[in-house]
Amino acid sequence: QVQLVESGGGLVQGGDSLRLSCAASGRTAGAYTMAWFRQAPGKEREFVSSIAWSGIIYYADSVKGRFTISINNAKNTAYLQMSGLKPEDTAVYYCAYAIGEMLNRRRPNDYNYWGQGTEVTVSA
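Residues numbered from 1 in each chain as written. Predicted model: local features only at pLDDT ≥ 70, side-chain atom pairs only at ≥ 80, totals over all residues. Heavy atoms only, no water.

A.B. asks: Before we move on, could you go through the nonpolar core and cite the residues and values that matter?
C.D. replies: Core analysis: the biggest nonpolar cluster contains 36 residues, and Leu-4, Met-34, Trp-36, Leu-80, Met-82 and Tyr-93 have the highest contact counts within it. In terms of residue count, the dominant contributor to this core is strand β9 (residues 91–99) (six residues). Among residues more than four places away in sequence, those in contact with Leu-4 are Cys-22, Ala-23, Ala-24, Met-34, Cys-95, Ala-96, Tyr-97, Tyr-113, Trp-114, Gly-115 and Gln-116. (Core = buried A, V, L, I, M, F, W, Y, C linked by side-chain atoms within 4.5 Å. Buried < 20%, exposed > 50% of the residue type's maximum accessible area, 1.4 Å probe, protein only. Helix = DSSP H or I, 4+ residues; strand = E, 2+ residues; numbered from the N terminus. Contact = heavy atoms within 4.5 Å.)

Listed below in structure tokens is the structure:
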């Protein structure tokens, strides 16, 4: 089992920045991929970004150029630096973990473990 604990959400104004963190613990040995998804009210959960332990990164087009994902393998922690936030970025952001190097996997079902979610609200 892998446990994920997210932090860093909050209420910000448009144009502001936030950094989300996701710490993984438990059976984290071996290759893995961490990702961020988000779910706005009334919408399906959508892919935001992923990073494999090798450092290969993918972004959704909607966040490319504004969000930066990174990973600290020693700490089993992934980060999502969000800049230039827009009201449409408002959502609950979820951290996800997949066993193995999952390249360009954007479906929730591709990931084995999930965090509890952290809320991000961006006012206009």
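Let us keep going from here.
A.B. asks: Which residues make up the sheet that holds strand β7 (residues 67–72), and what are the values?
C.D. replies: Here we have four strands laid out as an open sheet, ordered β1-β3-β8-β7, and antiparallel in their pairing. Only two strands of the sheet have a single partner each, and these edge strands are β1 (2–7) and β7. Across this sheet, the average inter-strand angle for adjacent strands is 15°, counted without regard to direction. Two elements, strand β3 (residues 18–26) and strand β8 (residues 77–82), share six bridges in a ladder whose sense is antiparallel. Along β8, the bridge assignment pairs Cys-22 with Ala-78. (Pairing = 2+ DSSP bridges. Axes fitted to C-alpha atoms, helices over the stretch in contact; angles between N-to-C directions.)

A.B. asks: Explain the pattern of salt bridges to me, and be specific about the residues and the numbers.
C.D. replies: Per the stated rule, a full pass over the model turns up six salt bridges. What you see here is one network of salt bridges that share partners, running through Arg-38, Glu-46, Arg-66 and Asp-89. (Salt bridge = Lys/Arg side-chain N within 4 Å of Asp/Glu carboxyl O.)

A.B. asks: Quick one: what's the story with the packing of aromatic side chains, residue by residue and with numbers?
C.D. replies: One pass over the full model with this rule turns up six aromatic pairs. A ring pair is formed by Phe-37 and Phe-47, whose centres lie 5.7 Å apart and whose planes are at 80°; its orientation type is edge-to-face. A residue pair is termed long-range when its members are at least 10 positions apart, and Phe-37 in strand β4 (residues 32–39) and Phe-47 in strand β5 (residues 46–52) qualify at 10 residues. Assigned by exposure class, Phe-37 and Phe-47 land together as buried. Taken together, the aromatic side chains of Tyr-32, Trp-53, Tyr-97 and Tyr-113 make up a single cluster linked through ring pairs. The ring of Trp-114 carries the charged tip of Arg-45 above its face, separated from the ring centre by 4.9 Å. (Phe/Tyr/Trp six-rings, centres within 6.5 Å; stacked < 30°, edge-to-face > 60°. Lys NZ or Arg CZ within 6 Å of the ring centre and 35° of its normal.)

A.B. asks: Let's hear about the pairing of β4: which residues, and what values?
C.D. replies: It is a general feature of regular strands that their side chains alternate between the two faces of the sheet. Burial analysis of β4 places seven of its eight residues in the buried class, which makes it a mostly covered element. In terms of strand pairing, β4 meets β9 through eight bridges, oriented antiparallel. Its bridge partner lying in β9, Trp-36 is registered against Cys-95. Two strands pair when backbone bridges link them, and β4 and β5 are joined in this way by six bridges, in the antiparallel orientation. By the bridge assignment for β5, Arg-38 is matched with Glu-46. The loop that links β4 with its antiparallel partner β5 comprises six residues; one of these, Gly-42, has a positive phi angle of about 75°.

A.B. asks: Kindly report on unusual backbone geometry, identifying the contributing residues and their values.
C.D. replies: The phi dihedral of Asn-76 falls on the positive side, at around 50°, and the residue is not glycine. Following the sequence through the fold, Asn-76 ends up in the loop between β7 and β8. Even without a glycine there, the phi angle at Asn-104 is positive, about 55°. Inspection of the secondary structure assignment puts Asn-104 in the loop between β9 and β10 (113–114).

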